[in-house]
Amino acid sequence: MPLWYPDGNIRHSKLIHELCVFFYHIVPAYLIDFLMLIFDQQRFMVCTQKRISVGLEVLQYFTTREWWFNTNNFKDLAKKLHGADFTTFPMDLKIIKIGSYIESCMIGGKLYCLKEKLENLPKAKLQNNM
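Nothing here was measured: the structure is a model prediction, and the numbers come from that model.

**Student:** Lay out the packing of aromatic side chains with the relevant residues and their values.
**Tutor:** The tally for this structure, following the rule as stated, stands at 4 aromatic pairs. Their ring planes at 70° and their centres at 6.1 Å tell us that Tyr61 and Trp67 sit as a pair that is edge-to-face. Ring centres of Phe62 and Trp67 lie 5.9 Å apart, and the angle between their planes is 25°; on these two criteria the pair is classed as stacked. One aromatic cluster is present, built from ring pairs that chain together Tyr61, Phe62 and Trp67.

Quick look at the structure:
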């Protein structure tokens, strides 16, 4: 269960970013592990935080740059679809509902990337809402 939701704020200062990482990631991890030590429970937050930090460092190159892609082939593909293909694969971005699209992407990520079962989805939603 998350302590707080990710805010997605973009910080242009490396110093501010490092301070936020320290106060919002590292300090809570050590605090929770300290509490787990007091209550004689297995400690895991510092280890988990280190793994997350390594993963974020790997992604940093891609997440800190602006990326532009040529979409002409995608636009031309819509012109080549006929009849049933166009209804099966809608190419008009104006008719795609973003909310349901994002939900489908999240479910696909859970199924195919995280290898989670759909039976766990109601429990995950309940935990998220708590």
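**Student:** How would you explain the UniProt feature "transmembrane region" (unreviewed entry) in the chain if you had to name every residue and give the values?
**Tutor:** In the numbering used here, UniProt assigns the feature "transmembrane region" (unreviewed entry) to residues 21-39. As annotated, residues 21-39 has a helix share of 95% and a strand share of 0%, and its two end C-alpha atoms lie 26 Å apart.

**Student:** Any chance you could break down unusual backbone geometry for me, citing the residues and the numbers?
**Tutor:** Positive phi, close to 55°, is recorded for Asp40, a residue that is not glycine. Within the secondary structure layout, Asp40 lies in the loop between helix 1 (14-38) and helix 2 (45-63). For Lys115, which is not glycine, the phi dihedral falls at a positive 55°. When you line up the elements, Lys115 lands in the loop between helix 5 (98-113) and helix 6 (121-129). Judged by relative accessible area, which is 65%, Lys115 ranks as exposed.

About the thresholds
- Residues numbered from 1 in each chain as written.
- Predicted model: local features only at pLDDT ≥ 70, side-chain atom pairs only at ≥ 80, totals over all residues.
- Heavy atoms only, no water.
- Phe/Tyr/Trp six-rings, centres within 6.5 Å; stacked < 30°, edge-to-face > 60°.
- UniProt positions renumbered as here; feature names shortened; annotations may be inferred.
- Helix = DSSP H or I, 4+ residues; strand = E, 2+ residues; numbered from the N terminus.
- Buried < 20%, exposed > 50% of the residue type's maximum accessible area, 1.4 Å probe, protein only.

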